[in-house]
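The residues making up each chain are set out below.
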Amino acid sequence: MITGMDRLTAAIRGEEADRIPIFCNLLDQGAAELGVSLQDYYARGESVAEGQLRMLRKYGHDNVWSLFYVGKEAELLGCQRILYSAEGPPNVEDFVIHSWDDIARLEVPADIPSHPAFTEVGKCLQILKNEVGGKNPICAYITSTMTLPALLMGMEKWMELLFAGPPGPCEELLRKCHEFFVKEVAAYRQGGADVLIYSNPFGSADTVPMKYFLQRSLPWIEKDIQAVGAGGMVYYCGMARLNSVLSAVIERTGIGACYLSPLDDLAVGKRLIGDRGLTCGVINDIQLISWTRQEIRQEVKRILDVGMPGGRFLFGTGVMPLMIPEASIRAMLEAAFEYGSQGGKGA
Amino acid sequence: MLARIIADYNEAVFDTDRERALQIVRDAERQGISPEDLVFKVVLPAMDAMVNALSDQFSVNLAQHFMTAQISDAVTAEMIPKFHQAPEVAGRVVIGTAYGDMHTLGKRMVIGCLRARMVEVTDLGVNVAAERFVEEALAHDARVIAISALMLHTATGELGCRKVRRLLHERGLEDRIKIMVGGAPFRFHDGLYRIVGADAWAPDAISAGKAMAELLQEVKK
């Protein structure tokens, strides 16, 4: 039987499987499936793992997630307060860095796997590895050096420091974030994660000017990827567009997979990536809250018609909002299974 | 001379170079350009140029928006006390992030752009309850409640904009106070502002300044 991992491996190699790999990123939905609050759900690694496994059985897509919520990284670096909601993902409520003086006091954990804020993630990874390791790609979410400060001090203060602040604290913070990044990647790989989503909105020309990207963002991207190796890394800019930086990132880092924005021109992205890697075409999942079944099917077909010719293609979603109706998730996946069919035997 | 100043200022703003932009304005003032001209003929046209660049599909990014808003706010704050007479207030607005939302960047940028357009802005901070939006709008005689939301669930939640709309309706205030929303989810879903009960939205802070000025004009009629 062809597994999700077989499909991913085939796509990376430019071969055909029974269908293209389909990544459906369902996080908060696991809590509803288990009938618990989001706060209770994310308090236990066993719950998150069980939620992921149930999602996989229910919908039949290919990947599972070890991500709880993005603020988890801030917790590993000292954040004490997370704001929970019944309707969506938890948020950092109190930043670790309030003033530039706090940067000197920021401590990178010596060992992430033994950090209390990682304990439940570790349990989740262990269960996922035991249950579906080698069969379904286990995804981890790693924020890049250049973007991590936004989680620690807020986007506003980070922009201020980056573009108009003193260079000393800025460089010190980047150096510490890079140290954390390297340790975090090692922790997730050690735990069994195969696919590492390298999240870097500051590596998109939607966030910073292209000149700035080339001078400042790209060297940090290179440094990040050189330090951990490109294996399993997926370049992603948090739904910001990446077509204009694709070639530079691929050439300078050797990253073999790029997760485009729904706002990117997929045909252009596919052409730019070409045979150099896996193109991940992403549906605008915010629209899934109101699109009809027919509209969903049309959009999935459009994406696959553009992305599948030439192979090396994966269909994916953003982080699917909780308010997307279950019927819409099913309609999207049914269309992806149907139009993404290849008829090959797999890797 | 003004044309040169405008060109240099625009270049500094597009380069996200706050210090250079501020220096250009201060040098221009020393050379005899009036504070009024610096705000109305340099700062505001630079913001409009960015809106036009956006509609012309030029690449304008978040950092440029952020620095434009910051620079515009700083220049306006520095120049207004030097005006020969106090400028006419273009309108009053209360702004905050939606209930449950802690993200401040969009709000901060919009505030900068609004102040440069002579709009009086009251910043209600983050995670603002619907009742507070309405009470503060009444207390400040604001004609627009501006709600910023970065996440879909805070943009669409029952305790956010939808509740503000309900409260305005229940209290018969809908003709007097309008609602404007902004934030990432609205950029990914054109009709979302209507779904949550807002009167208007803008895809970015610079456009929000212009759209807000138009909305305030509409409420005045």
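Provided above is the structure to which this section pertains.
Residues numbered from 1 in each chain as written. Chains lettered and ligands numbered in written order. Predicted model: local features only at pLDDT ≥ 70, side-chain atom pairs only at ≥ 80, totals over all residues. Heavy atoms only, no water.

(A) Just the pattern of salt bridges, in detail. Residue and element names in this part refer to chain A. Scanning all chains against the criterion turns up 47 salt bridges over all chains. Salt-bridge contacts for K72 lead to E75; the nearest nitrogen and oxygen are separated by 3.5 Å. Remark: E75 and K72 occur in helix α5 (residues 72-76); sequence separation between them is 3 residues, near one turn of the helix. With a relative accessible area of 10%, K72 lands in the buried category. D275 is the partner of R312 in a salt bridge, and the nearest nitrogen-oxygen pair spans 3.6 Å. Linking R312 in the loop between α14 (293-307) and β10 (313-319) with D275 in the loop between α13 (266-273) and β9 (278-282), this pair joins segments that are 37 residues apart in sequence. Each of R7, D18, R19 and D62 takes part in salt bridges that share partners, so that together they form one network. (Salt bridge = Lys/Arg side-chain N within 4 Å of Asp/Glu carboxyl O. Helix = DSSP H or I, 4+ residues; strand = E, 2+ residues; numbered from the N terminus. Buried < 20%, exposed > 50% of the residue type's maximum accessible area, 1.4 Å probe, protein only.)

(B) Layout of the layout of surface pockets. Residue and element names in this part refer to chain A. Estimates place the volume of the second largest pocket at around 320 Å³. Sorting the residues of the lining of the second largest pocket by element identifies α1 (4-13), α4 (45-59) and α7 (119-132) as the ones contributing at least two each. Among the elements that take part in the lining of the second largest pocket, α4 stands out by supplying 3 residues, more than any other. Looking at the lining of the second largest pocket, its residues break down into 5 nonpolar, 5 polar and 7 charged. (1 Å grid on protein atoms, 1.4 Å probe; cavity = no way out; pocket = protein on both sides within 12 Å on 5 of 7 lines; lining within 4 Å. Points joined across faces, edges and corners; volume = space filled by probe spheres on them. Nonpolar A, V, L, I, M, F, W, Y, C, P; charged D, E, K, R; others polar.)

(C) A look at the packing of helix α1 (residues 2-14) of chain B against helix α2 (residues 18-30) of chain B. All names here are of chain B. Across the interface, α1 lies against α2 with an axial gap of 8 Å and an inter-helix angle of 160 degrees. Overall, the two elements α1 and α2 adopt an arrangement that is roughly antiparallel. Like other packed secondary-structure pairs, α1 and α2 cross with a definite hand, here left-handed. In this structure, α1 uses I5, D8, Y9, E11, A12 and V13 to contact α2, whose residues at the interface are R20, A21, I24, V25 and A28. For the contact of α1 with α2, a count of residues per class yields 8 nonpolar, no polar and 3 charged. (Axes fitted to C-alpha atoms, helices over the stretch in contact; angles between N-to-C directions. Parallel < 35°, antiparallel > 145°, perpendicular 65-115°, else oblique. Left-handed = near helix turned anticlockwise from the far one by under 90°. Contact = heavy atoms within 4.5 Å.)

(D) Geometry of the sheet that holds strand β7 (residues 233-236) of chain A. Residues and elements named next belong to chain A. Sheet architecture is open: 8 strands sit in the order β1-β10-β9-β8-β7-β6-β5-β2, paired in parallel fashion. A single partner strand is all that each edge strand has here, and the edge strands are β1 (22-25) and β2 (64-65). With 2 bridges joining them, β2 and strand β5 (residues 138-143) adopt parallel strand pairing. The partner of W65 across the bridge, within β5, is C139. Running at roughly 120 degrees to β9, α1 makes contact with β1, β6 (195-199), β9 and β10 of the sheet. (Pairing = 2+ DSSP bridges.)

(E) The arrangement of helix α12 (residues 243-253) of chain A in detail. Residue and element names in this part refer to chain A. Listed in full, the buried residues belonging to α12 are N243, V245, L246, V249, I250 and T253. The buried side chains of α12 occupy one side of the element, clustering within an arc of 135 degrees when seen end-on. Elements in contact with the buried residues of α12: α11 (210-228), β7, β8 (257-259) and α13. Positive backbone phi, at 80 degrees, marks G254, one or two positions downstream of α12. (Arc of directions from axis to C-beta.)

(F) Inspection of the interface of chain A and chain B at higher detail. Tallying the contact residues gives 29 residues for chain A and 29 residues for chain B. Roughly 2500 Å² is buried in total at the junction of chain A and chain B, and carbon and sulfur atoms are behind 63% of that figure. Considering only the surface of chain A that becomes buried against chain B, N91, E156 and I286 of chain A emerge as the three largest contributors, covering 22% of it. Joining chain A to chain B, the criterion identifies 2 salt bridges. For R108 of chain B, the salt bridge identified is with E160 of chain A, shortest N-O distance 2.9 Å. Between the two partners, chain A and chain B, sit 9 residue pairs in polar contact (both at pLDDT 80 or more). Looking at the side of chain A that touches chain B, the elements that each hand over two or more residues are β4 (91-92) and α9 (155-164) of chain A. Ranked by residue count, the leading element in the side of chain A that touches chain B is α9 of chain A, at 6 residues. (Buried area = accessible area lost by both parts, 1.4 Å probe. Polar contact = N/O pair within 3.5 Å; in protein donor to acceptor, adjacent residues only side chain to side chain.)

(G) Region of the structure containing the sheet that holds strand β5 (residues 200-202) of chain B. Residue and element names in this part refer to chain B. If you walk across this open sheet you meet the 5 strands as β2-β1-β3-β4-β5, and the pairing is parallel. Only two strands of the sheet have a single neighbouring strand rather than two, namely β2 (119-123) and β5. Within the sheet, the average angular offset between the axes of one strand and its neighbour, ignoring direction, is 25 degrees. Taken together, the 5 bridges between strand β3 (residues 144-148) and strand β4 (residues 178-182) define a ladder with parallel strand orientation.

(H) Expanded view of empty space enclosed by the protein. Residue and element names in this part refer to chain A. Following the criterion strictly, the structure yields 2 cavities of 30 Å³ or more and no others. Of the volumes computed, that of the largest cavity is approximately 90 Å³. Every residue along the wall of the largest cavity is listed here: F23, N25, W65, Y141, I197, Y236, Y259, T317, G318 and V319. Going through the elements one at a time, β1 and β10 are the ones with two or more residues in the lining of the largest cavity. Looking at the lining of the largest cavity element by element, the count peaks at 3 residues for β10. Its residues placed into classes, the lining of the largest cavity shows 7 nonpolar, 3 polar and no charged. Put simply, the second largest cavity is a space of about 30 Å³. Class assignment for the residues of the lining of the second largest cavity results in 5 nonpolar, no polar and 2 charged.

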